[in-house]
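The residues making up each chain are set out below.
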Amino acid sequence: KAFFSKFYKDIEVSVSLGKLRKMTVFVVGQSRYPGSYQLNSQSTLTSGLFASGGPNASGSIRKVQLKRNGAVVSELDLYAFLGKGDKTSDVRLQDGDVIFYPQAAGHMAFVGKVNAPGVFEIKNSQETVADFLNLAGGLPVVADPRRANIERLTPGKDQPRRVEDLTLDEAGLKKQIQNGDVVNVAQI
C-alpha cells in the first residue's frame, strides 16, 4: 500500500494467495509408512508426522528427529506436544528435509487407579515414577498412594519377574523406571 500510495490517492490494496508451493520431505527409520511426501510450504514437523502416519510399533515418538543437510535441526517429543501443547521443537519444514524415527528406548505401563492408564515410551534411563505419573494424568481421588506396586522384569535371572511394594510419596516418586516396568496403583 505504501508503494502504490506514491502514485495513487486513497487506494485499498488486497493480496490473495493463488497456490502454495509443494516440497518433498522424506520419512525414514521406524516409520509406519516410510517414503517421500509432497507437503505444502507451510508444513511443520508435526504436520509431517501426522501426514506420514507416525512411528511403527518399535519406533519412538519421544525423539523424532528432523534432519537437514545431514545435521539434526530439531528433536521433537510428541508427548510434550500432545500432553502440554508444547510446540517449541516444532519447526517449519524445507524441501529435502528428512524426518527420522529412531528405535524406542523401551516402554512402561501405568495401570490401576490413575487418570489415564496406558503404556508409555521411555525416553531415557533417568525418568522416574513421577515423570510417568504426570503422563498418566495423575491420581484420581479414589486412588491410594500408599498401596501401589511395581512389577519389574529382569531377564536372565532365576526369577525374572519380581513385584515390589511402592508408596507414591517423595521417595517412591523418585524411583527410576526401567524398560518393561508395570506400576499398579490400588483403589482406596
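Located above this text is the structure these notes cover.
Residues numbered from 1 in each chain as written. Predicted model: local features only at pLDDT ≥ 70, side-chain atom pairs only at ≥ 80, totals over all residues. Heavy atoms only, no water.

A. Structural context of the overall build of the protein chain. Each helix and strand in the protein chain was counted, giving four helices and 10 strands. Counted from the first residue to the last, the protein chain has its helices and strands arranged as β-β-α-β-β-α-β-β-β-α-β-β-α-β. Compactness check: the protein chain gives a C-alpha radius of gyration of 23 Å against a globular reference of 16 Å for 188 residues, more than 25% above the reference. If you line up the protein chain on its principal axes, its C-alpha atoms span 85 × 40 × 20 Å. For the protein chain, the residues scored as buried account for 37% of the 188 residues in total. The long-range share in the protein chain, meaning contacts at least 24 apart out of those at least 6 apart in sequence, stands at 59%. Here the protein chain has roughly 11400 Å² of accessible surface; of this, 51% comes from carbon and sulfur atoms. Positive and negative side-chain charges of the protein chain, numbering 24 and 19 respectively, have mean locations separated by a distance of 6 Å. (Helix = DSSP H or I, 4+ residues; strand = E, 2+ residues; numbered from the N terminus. Rg over C-alpha atoms; globule rule 2.2 N^0.38 Å. Buried < 20%, exposed > 50% of the residue type's maximum accessible area, 1.4 Å probe, protein only. Contact = heavy atoms within 4.5 Å. Areas by Shrake-Rupley, 256 points an atom, 1.4 Å probe, with all protein chains shown as cover. Lys, Arg positive; Asp, Glu negative; His and termini not counted. Charge placed at Lys NZ, Arg CZ, Asp CG, Glu CD.)

B. How the structure looks around the packing of aromatic side chains. With the rule as written, the count across this model stands at two aromatic pairs. Here Phe-3 and Phe-7 contribute two aromatic rings whose centre-to-centre distance is 5.5 Å and whose plane-to-plane angle is 70 degrees, an arrangement assigned as edge-to-face. With 6.4 Å between their ring centres and 80 degrees between their planes, Tyr-79 and Phe-120 make a pair best called edge-to-face. Within this pair, whereas Tyr-79 is found in helix 2 (residues 78-84), its partner Phe-120 is found in strand 7 (residues 118-121), the two being separated by 41 residues in sequence. Here Lys-67 stacks its cationic end above the ring of Phe-100, 4.6 Å away from the centre of that ring. (Phe/Tyr/Trp six-rings, centres within 6.5 Å; stacked < 30°, edge-to-face > 60°. Lys NZ or Arg CZ within 6 Å of the ring centre and 35° of its normal.)

C. Geometry of the sheet that holds strand 2 (residues 35-40). Taken in spatial order, the five strands make up an open sheet running 2-1-5-3-4, and their pairing is mixed. With partners counted over all chains shown, the strands left at the sheet margins are strand 2 and strand 4 (71-76), one partner each. Across the sheet, the mean angle from the axis of one strand to that of its neighbour is 30 degrees, orientation sign disregarded. Where strand 1 (residues 22-29) and strand 5 (residues 98-101) come together, four bridges link them in parallel fashion. Opposite Val-28, over in strand 5, you have Phe-100 as the bridge partner. (Pairing = 2+ DSSP bridges. Axes fitted to C-alpha atoms, helices over the stretch in contact; angles between N-to-C directions.)

D. Geometry of the pattern of salt bridges. What the rule picks out here adds up to 12 salt bridges. Note that Asp-77 is salt-bridged to Arg-62, the shortest N-O span being 3.2 Å. Within this pair, whereas Asp-77 is found in the loop between strand 4 and helix 2, its partner Arg-62 is found in the loop between helix 1 (45-51) and strand 3 (64-68), the two being separated by 15 residues in sequence. Of the two residues examined, Asp-77 and Arg-62, each falls in the buried class. Where Arg-146 meets Asp-144, a salt bridge forms, and the shortest distance between an N and an O atom there is 3.0 Å. Residue class for Arg-146 comes out exposed when judged on its relative accessible area of 63%. In the salt-bridge network here, residues are joined through shared partners; they are Arg-62, Asp-77, Lys-123 and Glu-127. (Salt bridge = Lys/Arg side-chain N within 4 Å of Asp/Glu carboxyl O.)

E. Broad picture of the side chain of Ser-31. With respect to the element layout, Ser-31 can be found in the loop between strand 1 and strand 2. A polar atom in the side chain of Ser-31 sits 3.2 Å from the backbone nitrogen of Tyr-33. The residues touching Ser-31, leaving out its near neighbours within four places in the chain, are Ser-52, Gly-54, Pro-55, Asn-56 and Tyr-101. (Polar contact = N/O pair within 3.5 Å; in protein donor to acceptor, adjacent residues only side chain to side chain.)

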